[in-house]
Amino acid sequence: MNGTTRDILAAALDGRNPAPAQALTLARETDLGPLLETAATLRDRGHGNLISYSRKVFIPLTQLCRDVCHYCTFAHPPKPGQRAYMTPEEVLEIARAGAAAGCHEALFTLGDKPELRYKVASRELAEMGHPTTISYLTAMAELVLKETGLLPHANPGVMTRDEIAALRKVTVSQGIMLESASERLCQKGGVHYGSPDKRPSVRLETMRHAGELAVPFTSGILIGIGETREERVDALLALRGLHEEFGHIQEIIVQNFRAKDGTKMAAAPEPDLDDLLWTIAVARIIFGAEMNIQAPPNLSYDEYPRLVAAGLNDWGGVSPVTPDHVNPEAPWPHLDHLRRNTAACGKELVERLAVYPAYNQDLARWQDEALRTPVLRAIDGDGFARTGAWSPGIAMEVPARYAALAHGPLASPKGTAVAPIIERALAGEDLTEADIERLFRARGPEFDAVCAAADSLRRQVNGDVVTYVVNRNINYTNICYFRCQFCAFSKGKLSENLRGQPYDLGTDEISRRAIEAWGRGATEVCMQGGIHPEYTGETYLAITRAVRDAVPGMHIHAFSPLEVWQGAATLGIGLDEYLGRLKEAGLGTLPGTAAEVLDDEVRTILCPDKLTTAQWFEVMEAAHRAGYRTTATIMYGHVDGPRNWARHLSRLRDLQKKTGGFTEFVPLPFVHMEAPIYLKGRARKGPTFREAVLMHAVARLALHPHITNIQVSWVKMGPEGVKACLNAGCNDTGGTLMNESITRAAGTEHGQEMPPAEMDALIRSVGRVPRQRSTPYGTPPAEQVQRSYQAPELTPVVLTPARKWQRDGELELVRN
């Protein structure tokens, strides 16, 4: 390796991509080792241990093409008795088979403008009512999206700006291989001679239009077709230039030429593996850590795992249904085989959509409005494909990958990339937001390592006891004038079409429920409700007194920070004074709800008129200062992601270090089924099972040693989810609830009460010891524990119908 190359590689590792002149010098570098090492390091920085792929179906809409590339067997002239184009029925047959096989992508590949060369093509298009192939493609992409839910990706060749714009409305991404930037290959004797659409300038112009229109775009180069290494670098630099201008090139494909019988290049030599490795590595070095570099695994036979060492992070599309029509001689590897071989390289195979994760973080920019909801509902918090049907609140089996976690703790794999972060957490060091975010992105062995460490820490801190409280939820009104986009419980002028009728309980019904709960062994009533426009701070005081007077021994756990803020504001007094009045009235502790995600980046979308992050913490700090203990929660899995979750946990930890007032951390996964923001198409389907378990496990590590109790919600996670979380850092299962209204309104199927006998059985099923507790984690009265196991059936609740109300203007909640 010469000194110039050494300087280029050092600069690349320092985050500085080589300038064009420097990149061209790499074409003369023959020492493969340093190139591979640098490329692999860059890839790991940008993509960690993940190698992605897209589960797709291949739809060859037409194999007619006006170009005559010398290496291609995909395109062929018209054949007697054979249609020029697939029919809509044929397209749907393939797409439906793909959907049934769990595919997310419908890849449309076709010849370039065959109607300009073949009369049969133009005639058939006219008969179908389409002027061009692109017009018919647009219609078929729309049909597949509508009928199957597969997300279309189109590779139709050279296009005009208007054609790209039309396709943008029905495809999530588009692509065209540059193949080469060499005009020389278009001259007589070159592989692209006689192929007007293969001129580099024409293809680059198509990509420029795509950039201007904000289309996530795939491109790449084809090596071994007569180009020099300098020309390969030229092509990569041309693509980099467009990406630097528009940011729309989502992947660079490095595809190796394969000789095919029946073509002019049937006897041409193929590039060897080292040549392919060299090109992948140089592509990574030219583009840097973040770019997605892809090489198809089916074109390298059994040696494809070696490509990982060259810095790729993607295998491209792999189909369990259709062959590779462009390279029919090279079958796709079976997905299980691909997963095993990827794992043997120390990497985790992860499924993506046709559009890459980075572009799924800003759908308003990168997707047409009609496509944003289908993409959003198909992704997880990282922007990768959401696999499996599990969602919080739905009664179904735990995904197979995580089933073992419901039966016992996971073994801790050694040598994972997250091991240093875990070690710091176990030592009681404060993790940075970047550390916490990295743990939330754990998959495969890293996921196992995080869960195992969290379980080990739980055992060290809490032993094998799992606690819970016998309580009753009392939601005194579902009328609310706030417009939280996730809430299916509240009723107001904009939400009367959702579940249930508006109600407003009188203090007599609240007292009756508290008395009944005490008779059934409860030691706590948890009371929260909507922000009724006629409620004031006196309302909350009256509710508190009513319960205290009816059942003096009952612990009152009530009022979210929003209710406290609103109560103080309506009385025109400060938080400290109002919290003091609540304590005099009998309030024991506060639930740390209304937190959702404590990051205003999320709150402006999810609950724009609610408390800000700073205001939520202001209430909590005031409550702790007044001597209250409170819980802390997070409601996650909607429009948020690992970065937001990391900020949330670190901010909770920082307040806990200051006040020590939080008793427990309670993750509340978003239940989507009836939530307005989901029904409007603007939220995911809640967290995936992996994300839900990680929220509990990462919290155990990130909040240690400051918050020692991590709770799992059975009403959201279900019994099997509870078992998994108990083996991933949790030591508490919350409350028996008796009446659960809020999650039930959102569509949960896990019921509204788990009596103590059932809770005990659930806890014992994972080899742990159940124990009832009081709200502040003390010992409940023995007579109440005994009553809880002999509880009579609940009497029907009374939902006092709300009287009609009229608001004159908006209630001002900002205190002077």
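Given the structure is predicted, the values throughout are model-derived calculations rather than measurements.

(A) Here's a closer look at the sheet that holds strand S11 (residues 471–475). Taking strand neighbours across the sheet as the criterion, the three strands line up as S11-S12-S13 in an open arrangement whose pairing is parallel. Two strands close off the open sheet at either side, each with one partner strand: S11 and strand S13 (555–558). Pairwise comparison of adjacent strand axes, ignoring direction, gives a mean angle of 25° for this sheet. Pairing of S11 with strand S12 (residues 524–528) involves five bridges; the strand directions are parallel. By the bridge assignment, Asn 471 is partnered in S12 with Glu 524. Across the sheet, helix H17 (residues 507–519) lies against S11 and S12, angled at about 170° from S11, the strand it touches most.

(B) The arrangement of the pairing of S12 in detail. Taking burial as the measure, the five residues of S12 include five buried ones, the bulk of the element. A two-sided burial pattern is seen for S12, the buried positions comprising Glu 524, Cys 526 and Gln 528 on one face and Val 525 and Met 527 on the other. Across four bridges, the pairing between S12 and S13 is parallel. Paired with Val 525 across the strands is Ile 556, a residue of S13. Following the chain from S12 across helix H18 (residues 537–550) to the adjacent parallel S13, one finds a crossover that is right-handed.

(C) Region of interest: the packing of helix H8 (residues 200–212) against helix H9 (residues 229–246). Following both chains from N to C, one finds H8 and H9 inclined at 15°, their axes separated by 10 Å at the closest point. Here H8 is positioned roughly parallel relative to H9, judged by the angle of their axes. Crossing angle aside, the handedness with which H8 passes H9 is right-handed. Listed contacts from H9 to Leu 204, Met 207, Arg 208, Gly 211 and Glu 212 of H8 are Ala 238, Leu 239, Leu 242, Glu 245 and Phe 246. Its residues assigned to classes, the contact of H8 with H9 comprises six nonpolar, one polar and three charged.

(D) Highlighting the packing of helix H19 (residues 561–571) against helix H20 (residues 575–585). Taken N-terminus to C-terminus, the directions of H19 and H20 make an angle of 105°; their axes are 9 Å apart at the nearest point. Regarding the angle of H19 to H20, the classification is roughly perpendicular. Facing H19, whose interface residues are Val 564, Trp 565, Gly 567, Ala 568 and Leu 571, H20 presents Leu 575, Tyr 578, Leu 579, Arg 581 and Leu 582. Tallied by class, the residues present in the contact of H19 with H20 amount to eight nonpolar, one polar and one charged.

(E) Quick peek at the nonpolar core. Ranked by internal contacts, the top residues of the largest apolar core, which has 122 residues, are Val 450, Met 527, Leu 582 and Phe 665. Listed in part, the 88 residues of the second largest apolar core include Val 57, Ala 84, Val 91 and Ala 154.

(F) Representation of the sheet that holds strand S10 (residues 465–469) in the model. One open sheet accounts for three strands, arranged S16-S10-S17; its pairing is parallel. Only two strands of the sheet have a single neighbouring strand rather than two, namely strand S16 (732–735) and strand S17 (769–772). Going from strand to strand, the sheet's axes swing by 20° on average, the running direction of each strand aside.

(G) Here's a closer look at the side chain of Thr 544. Counting through the fold element by element, Thr 544 comes out in helix H18. For Thr 544, a relative accessible area of 0% translates into the label buried. Non-local contacts of Thr 544, meaning those with residues more than four positions away in its chain, are made with Ile 556, Phe 559, Leu 582, Ala 585, Gly 586 and Leu 587.

(H) How the structure looks around helix H13 (residues 369–376). All buried positions along H13 are accounted for by Leu 371, Val 375 and Leu 376. Buried residues along H13 cover an arc of 130° about the axis, so they all sit on one side. Within H13, the exposed residues directed more than 90 degrees away from the buried face are Glu 369 and Ala 370. Summarising the contacts, the buried residues of H13 are in contact with helix H6 (133–148), strand S3 (151–155), helix H7 (161–168) and helix H12 (363–366). Near the N-terminus of H13, the side chain that reaches the backbone nitrogen of Ala 370, with its oxygen 3.0 Å away, is that of Asp 368.

(I) Quick peek at the pattern of salt bridges. This structure, assessed with the given rule, holds 55 salt bridges. Notably, a salt bridge pairs Glu 303 with Arg 306, separated by 3.9 Å at the nearest N-O pair. Judged by its relative accessible area of 41%, Glu 303 is partly exposed. Salt-bridge contacts for Glu 516 lead to Arg 512; the nearest nitrogen and oxygen are separated by 3.5 Å. Residue Glu 516 and its partner Arg 512 are both found in helix H17; the two are separated by four residues, about one turn of the helix. Taking the relative accessible area as the measure of exposure, Glu 516 reaches 14% and is therefore buried. A relative accessible area of 27% places Arg 512 in the partly exposed class. Several salt bridges share partner residues, and in doing so they unite Asp 380, Asp 382, Glu 437, Arg 441, Arg 443, Arg 643, Arg 690 and Glu 691 into one network.

(J) Region of interest: the confidence of the model for the chain. The share of residues in the chain with pLDDT of 70 or more is 94%, and the mean pLDDT across the chain is 93. Low pLDDT, under 50, characterises residues 492–498; the predicted model gives this stretch twelve contacts beyond four residues in sequence or across chains. When the criterion is pLDDT under 50, residues 805–816 qualifies, and its contacts beyond four places in sequence or with other chains add up to 24 contacts.

(K) Focus on unusual backbone geometry. The amide bond that connects His 704 to the next residue, Pro 705, takes the cis arrangement and shows omega of 0°. By secondary structure assignment, the location of Pro 705 is in the loop between helix H25 (689–702) and helix H26 (714–726). The backbone phi angle of Ala 594 is positive, close to 65°, even though this residue is not glycine. The residue Ala 594 is located in the loop between H20 and helix H21 (600–606) in this model. Positive phi outside glycine occurs at Leu 737, with the angle close to 80°.

(L) Focus on the side chain of Arg 513. Here Arg 513 is to be found in helix H17. Residue classification places Arg 513 among the buried residues on the basis of a relative accessible area of 4%. There is a polar contact of 2.8 Å between the side chain of Arg 513 and the side chain of Glu 509. When residues no more than four places from it in sequence are discounted, the contact partners of Arg 513 are Arg 472, Ile 474, Leu 505, Val 797, Val 798 and Leu 799.

(M) Geometry of the packing of aromatic side chains. In this structure the tally under the stated criterion is 15 aromatic pairs. Ring centres 5.2 Å apart and planes at 55° place the aromatic pair Tyr 540 and Phe 559 in the tilted group. You can see Tyr 540 sitting in helix H18 and its partner Phe 559 sitting in the loop between S13 and H19, a full 19 residues away along the chain. Accessibility expressed as a relative area gives 1% for Phe 559, which makes it buried. Taken together, the aromatic side chains of Trp 390, Tyr 402, Phe 447 and Phe 689 make up a single cluster linked through ring pairs. Of note, Arg 377 hangs over the ring of Tyr 678, and the distance from its end group to the ring centre comes to 3.9 Å. A cation sits over an aromatic face here: Arg 773 above Tyr 777, 4.0 Å from the ring centre.

(N) Geometry of the environment of Ala 614. By the secondary structure assignment, Ala 614 is in helix H22 (residues 613–625). In sequence terms Ala 614 and Pro 409 are 205 residues apart; their C-alpha atoms lie 38 Å from each other.

Cut-offs and rules
Residues numbered from 1 in each chain as written. Predicted model: local features only at pLDDT ≥ 70, side-chain atom pairs only at ≥ 80, totals over all residues. Heavy atoms only, no water. Pairing = 2+ DSSP bridges. Helix = DSSP H or I, 4+ residues; strand = E, 2+ residues; numbered from the N terminus. Axes fitted to C-alpha atoms, helices over the stretch in contact; angles between N-to-C directions. Contact = heavy atoms within 4.5 Å. Buried < 20%, exposed > 50% of the residue type's maximum accessible area, 1.4 Å probe, protein only. Right-handed = clockwise from strand over helix to strand, strands pointing away. Parallel < 35°, antiparallel > 145°, perpendicular 65-115°, else oblique. Left-handed = near helix turned anticlockwise from the far one by under 90°. Nonpolar A, V, L, I, M, F, W, Y, C, P; charged D, E, K, R; others polar. Core = buried A, V, L, I, M, F, W, Y, C linked by side-chain atoms within 4.5 Å. Arc of directions from axis to C-beta. Polar contact = N/O pair within 3.5 Å; in protein donor to acceptor, adjacent residues only side chain to side chain. Salt bridge = Lys/Arg side-chain N within 4 Å of Asp/Glu carboxyl O. pLDDT = per-residue confidence, 0-100. Phe/Tyr/Trp six-rings, centres within 6.5 Å; stacked < 30°, edge-to-face > 60°. Lys NZ or Arg CZ within 6 Å of the ring centre and 35° of its normal.

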